[in-house]
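Observations on the model geometry
Residue-level listing of the chains:
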Amino acid sequence: MPPRSPRSIAADLRDALHTADPRLLEVLLHPGVLWVSAGPGEPPRQGRGGVLGWYQDRHDQGVRVQTEEIFTFPAVIVLALRIADPGIAGTTDERPLYYRVFHLCDDQVIRIRDYTERAHALAAAHGSAAPSF
């Protein structure tokens, strides 16, 4: 199978996050994926099961995401995500915007990192080398 483009993978990530379908997300995640959140007190998640479990828990709590921007680089995808959390009151414009950076290795997400500042996320993505073990 030929390699997939980051743009194609980004579209699949967007769809998986919008629908909260763990099957869609599972195929995109490397078994050893590491995710580091920007949220205070959020511990890193290691492994596909840990990341999928976190997403499922958040979805079960009513948290939803909407992608506002997509940036693609040769080995990195950045999604600007508006987070709707029923535990946090406010209008759509007041909801937090996170920049989730997905590092790719062999067409799968190997590392995820959240940023609260667009410039920091894009700098991390632009200057990133392909992750390895």
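A brief structural summary. All of these numbers come straight from a predicted model, not from anything done at the bench.

Okay, the overall build of the chain next. Within the chain, the regular secondary structure consists of 4 helices and 6 strands. Starting at the N terminus and ending at the C terminus, the chain contains elements arranged as α-α-β-β-α-β-β-β-β-α. Expressed as a percentage of its 133 residues, the buried residues of the chain come to 38%.

What follows is about the sheet that holds strand 4 (residues 76–84). Judged by pairing direction, the sheet is mixed, and its 6 strands sit side by side in the order 2-1-6-5-4-3 without closing on themselves. Edge positions in the open sheet fall to strand 2 (45–46) and strand 3 (64–72), since each of these has one partner strand only. In this structure, strand 1 (residues 29–36) lies alongside strand 2, joined through 2 bridges in antiparallel fashion. When the bridges of strand 2 are listed, Leu34 appears paired with Gln46. Of the strands in this sheet, strand 1, strand 2, strand 3, strand 5 (97–105) and strand 6 (108–115) are in contact with helix 3 (residues 47–60), which crosses strand 1 at around 60°. Across the sheet, helix 4 (residues 118–126) lies against strand 3, strand 4, strand 5 and strand 6, angled at about 5° from strand 5, the strand it touches most.

Over its 14 residues, helix 1 (residues 6–19) extends 20 Å from the first C-alpha to the last, a length consistent with the 20 Å expected when each residue adds 1.5 Å. Restricting attention to buried positions, one finds in helix 1 the residues Pro6, Ile9, Ala10, Leu13, Ala16 and Leu17. One side of helix 1 holds all its buried residues, which, seen down the axis, span an arc of 125°. Tucked into the core, helix 1 has its buried residues touching helix 2 (22–28), helix 3, strand 3, strand 4, strand 5 and strand 6. Following helix 1 by one or two positions, Ala20 has its phi on the positive side, about 55°.

For the structure shown, the criterion picks out 3 aromatic pairs. For the ring pair Trp54 and Tyr55, a centre distance of 5.2 Å and an interplane angle of 80° mean the geometry is edge-to-face. Given a relative accessible area of 14%, Tyr55 falls into the buried group. Each member of the aromatic cluster is reached from another via a ring pair, and the members are Trp35, Trp54 and Tyr55.

Our focus in this paragraph is unusual backbone geometry. For Asp106, which is not a glycine, the phi torsion comes out positive at approximately 55°. In this structure, Asp106 sits in the loop between strand 5 and strand 6. You can call Asp106 exposed: its relative accessible area is 71%. Located in the positive-phi region is Asp107, a residue other than glycine, with phi close to 65°.

So, about the pairing of strand 1. Examined bridge by bridge, strand 1 and strand 6 share 4 bridges and lie parallel to one another. Bridging from a neighbouring strand, Trp35 pairs with Ile112 of strand 6.

Two side chains with opposite charge may pair up if their charged atoms get near one another. Using the criterion set out here, one finds 8 salt bridges in the structure. A salt bridge links Arg118 to Glu69, with the shortest nitrogen-to-oxygen separation between them at 2.9 Å. With Arg118 in helix 4 and Glu69 in strand 3, this residue pair connects regions lying 49 residues apart in the sequence. Residue class for Arg118 comes out partly exposed when judged on its relative accessible area of 36%. Here Asp114 ties to Arg100 by a salt bridge, and the two come within 2.6 Å at their closest N and O atoms. With Asp114 in strand 6 and Arg100 in strand 5, the pair connects residues that are 14 residues apart, well separated along the chain. Of the two residues, Asp114 and Arg100, neither departs from the other in class, the shared state being buried.

About the criteria used
- Residues numbered from 1 in each chain as written.
- Predicted model: local features only at pLDDT ≥ 70, side-chain atom pairs only at ≥ 80, totals over all residues.
- Heavy atoms only, no water.
- Helix = DSSP H or I, 4+ residues; strand = E, 2+ residues; numbered from the N terminus.
- Buried < 20%, exposed > 50% of the residue type's maximum accessible area, 1.4 Å probe, protein only.
- Pairing = 2+ DSSP bridges.
- Contact = heavy atoms within 4.5 Å.
- Axes fitted to C-alpha atoms, helices over the stretch in contact; angles between N-to-C directions.
- Expected span 1.5 Å × (residues − 1).
- Arc of directions from axis to C-beta.
- Phe/Tyr/Trp six-rings, centres within 6.5 Å; stacked < 30°, edge-to-face > 60°.
- Salt bridge = Lys/Arg side-chain N within 4 Å of Asp/Glu carboxyl O.

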